[in-house]
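# Notes for the structure review
Listed here are the chains, written in short residue letters.
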Amino acid sequence: MSLTIQSLLTTWAKAFQSGDPTEISKILDDNFKHINLHQPKKGFDTLQESLDWIKTKPGVISDIKSIYEDDKRLIGTFKWKDSDKNPDTVMFHGIIKNNKLLRFEIVRAPDL
């Protein structure tokens, strides 16, 4: 089965809810990078950093929308809530290699 936006973000959301990154780790490449284009600290350089972050249960993913997807890239938006504030909208671009997510670039902005 090909990696899709829905399968990726549903798996990621479950990992955040449970604090268990086991299932998401199966679809992230060993060289996975998570890039936050909107923050001075630009994300996580290693797969392990990302998996450790997931264990902290930092937020809830909802309202997943696909803009474009094929076997090499995923582009879309979702809502992210990590505090008692209103959810933020996140736009993402994912790069796929060998049916695993290699790179995940995001821009996050608060909903007004």
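This text gives an overview of the structure that appears in the document. Just so we're clear, the structure is a prediction, and the values are computed from it rather than from any experiment. (Residues numbered from 1 in each chain as written. Predicted model: local features only at pLDDT ≥ 70, side-chain atom pairs only at ≥ 80, totals over all residues. Heavy atoms only, no water.)

## Comments concerning the pattern of salt bridges
Throughout the structure, instances matching the rule amount to seven salt bridges. Of the charged contacts, one joins Lys 55 and Asp 52 as a salt bridge, the two residues approaching to 3.7 Å between their closest N and O atoms. With a gap of three residues between them, Lys 55 and Asp 52 both fall in helix α3 (residues 47-55), about one helical turn apart. Assessed through its relative accessible area of 37%, Asp 52 is described here as partly exposed. Of the charged contacts, one joins Arg 108 and Asp 88 as a salt bridge, the two residues approaching to 2.5 Å between their closest N and O atoms. One end of the pair, Arg 108, is in strand β6 (residues 100-110); the other, Asp 88, is in strand β5 (residues 88-97), and 20 residues separate them in sequence. The exposure class assigned to Asp 88 is buried, which follows from its relative accessible area of 8%. Salt bridges here are not isolated pairs; linked through shared partners, they connect Asp 82, Asp 88 and Arg 108. (Salt bridge = Lys/Arg side-chain N within 4 Å of Asp/Glu carboxyl O. Helix = DSSP H or I, 4+ residues; strand = E, 2+ residues; numbered from the N terminus. Buried < 20%, exposed > 50% of the residue type's maximum accessible area, 1.4 Å probe, protein only.)

## A closer look at the environment of Lys 81
Tracing the backbone through its elements, the reader meets Lys 81 in strand β4 (residues 73-81). For Lys 81 and Lys 26, which are 55 residues apart along the polypeptide, the C-alpha to C-alpha distance reads 24 Å. Once residues lying within four places of it in the same chain are set aside, the contact partners of Lys 81 are Pro 58, Gly 59, Val 60, Asn 86 and Pro 87. (Contact = heavy atoms within 4.5 Å.)

## What to know about a nonpolar patch on the surface
A surface patch of nonpolar side chains, about 300 Å² in accessible area, is lined by Ile 67, Tyr 68 and Met 91. Mapped onto the elements of the fold, Tyr 68 is located in strand β3 (residues 60-69). Note on Tyr 68: relative accessible area 39%, which makes it partly exposed. (Patch = residues over 30% accessible without salt bridge, like charges linked within 9 Å, V, L, I, M, F, W, Y side chains within 5 Å. Areas by Shrake-Rupley, 256 points an atom, 1.4 Å probe, with all protein chains shown as cover.)

## Considering the sheet that holds strand β2 (residues 43-44)
Taken together, the six strands give an open sheet; going across it, the order is β2-β1-β6-β5-β4-β3, and neighbouring strands pair in mixed fashion. Each edge of the sheet is formed by a strand with only one pairing partner; in this case those strands are β2 and β3. With eight bridges joining them, β4 and β5 adopt antiparallel strand pairing. Across the sheet, the residue bridging to Phe 78 is Val 90, located in β5. On top of the sheet, helix α1 (residues 5-18) reaches β1 (28-36), β3, β4, β5 and β6; it is set at about 165° to β3, its chief contact. Each of β1, β2 and β4 is contacted by α3, which is oriented at about 70° to β1, the strand it contacts most. (Pairing = 2+ DSSP bridges. Axes fitted to C-alpha atoms, helices over the stretch in contact; angles between N-to-C directions.)

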